[in-house]
Amino acid sequence: MNASNKEIIAIDVPSGLNADTGKEMGACVHATQTLALDCFKEGMFIEDGPSVCGKIQCLDIGIVHEEKDGIIWIDQQLAQTLLPIRSNLSHKGTFGKALMIGGSQSMPGALSMAAKACYSSGIGTLTLMMPDSIADLMMTKIDFAMRIIGSDDNGTFGKETIPLLKDSIKNYDVISIGNGLGRTQITKQMVQTVLKSEKPVLLDADAFWAIQDCPELLNRQAPTIVTPHIKECSMVLGMESKKVAANPIEAARVFAKKYPEAVLVLKSHSTLVVQGENEYLWSEPNSALAKGGSGDILCGIICGLFGQRKDALSSAILGVYLHALSAQTKKDPACAGPDDFLEQLNHLFTKLRKAT
């Protein structure tokens, strides 16, 4: 069958694939698509599963479950229920005030892309905190955001930024940190300062390098969303990245046990959203997202949604959905990029709002 060069449709699970462990058991059918019956099997998304299942769909065969159990699939029906309501009698303060901290001389674009995604996802007001070396450049890229200019030390934030950050935090409803921040001792101090505050926080990119020695700071009362890829997650968990990549579901559960209040968005070819025992999955791999900047777009979308919903888990789930579909452009995946994803957001919001 595998050598036939024909389309292969697997019913429930490809023959030869262990539905629990995701490992091939000797000879195994490599399917073009897999039609899972009633529910998805974890083995489809770990170890060898993704490479042998092809495109995965779930078919309802009429089994009645007393309650929802296991991993929940992220789809349009779920996304519709999570879309923030926007009253025409509202004002900009209704939809949240976000502070996005990041940028450096070597990576100014990361903060720029995250900011554009945040603004395009409905945030009320947006302020960017950046080092002085890129302040003028950023304002040529973005004219809708206010700015806080931190001190500069060779293209990254300087130590004088710390008291400025402590004084600024109180003015915002949600804070994101990490995009293009750079890996310095000041970065560590800034991330710790934000996590020790009582404000909702979204950690991305270099923020994970900054907390690998103090991950206990993730056990905080205020809402916390983290959006690592496989390697960044391995830093926080102290696990080998190969182990996390082989079984991201298990790694996400380890994270949820250690930090039950935090919302984990674990990015890979399939994306997991986990908080405590709540587990959600998006699994429609798209190589268009395998580019620098796509993670910054996701961070911005989630930040913009949180400003409106004020709920970490639902903002992360909807953000993952919108981010994934924004990459389904008419362009070849090799040619699509962050700007194309941003252009798609309007169509996706409009489609969801009409469907609700």
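Everything here concerns the structure above.
Here's a quick rundown of the structure. The shown structure was predicted, so the numbers you read here are calculated from the model rather than taken from an experiment. (Residues numbered from 1 in each chain as written. Predicted model: local features only at pLDDT ≥ 70, side-chain atom pairs only at ≥ 80, totals over all residues. Heavy atoms only, no water.)

**Some words on the environment of His91**
In this fold, His91 is placed in the loop between α2 (76-82) and β5 (97-101). It is 7.8 Å that separates the C-alpha atoms of His91 and Gly124, two residues lying 33 residues apart in sequence. (Helix = DSSP H or I, 4+ residues; strand = E, 2+ residues; numbered from the N terminus.)

**Brief notes about a nonpolar patch on the surface**
Taken together, the side chains of Leu59, Ile61 and Ile63 define a hydrophobic patch exposed on the protein surface, amounting to about 250 Å² of accessible area. With respect to the helices, strands and loops of the structure, Leu59 is situated in strand β3 (residues 55-59). (Patch = residues over 30% accessible without salt bridge, like charges linked within 9 Å, V, L, I, M, F, W, Y side chains within 5 Å. Areas by Shrake-Rupley, 256 points an atom, 1.4 Å probe, with all protein chains shown as cover. Salt bridge = Lys/Arg side-chain N within 4 Å of Asp/Glu carboxyl O.)

**A closer look at the sheet that holds strand β12 (residues 224-226)**
Judged by pairing direction, the sheet is mixed, and its ten strands sit side by side in the order β4-β15-β14-β13-β12-β11-β10-β5-β6-β7 without closing on themselves. Two strands lie at the open edges of the sheet, namely β4 (72-73) and β7 (146-150), each paired on one side alone. Summarising the sheet, strand β14 (residues 271-275) and strand β15 (residues 278-282) pair through five bridges and their orientation is antiparallel. Pairing of Gln275 across the sheet is with Asn278, part of β15. Taken strand by strand, helix α10 (residues 248-258) contacts β12, β13 (263-266), β14 and β15, and its axis lies near 25 degrees from that of β14. Against the sheet, helix α12 (residues 312-326) touches β12, β13, β14 and β15, its axis set at about 10 degrees to β15. (Pairing = 2+ DSSP bridges. Contact = heavy atoms within 4.5 Å. Axes fitted to C-alpha atoms, helices over the stretch in contact; angles between N-to-C directions.)

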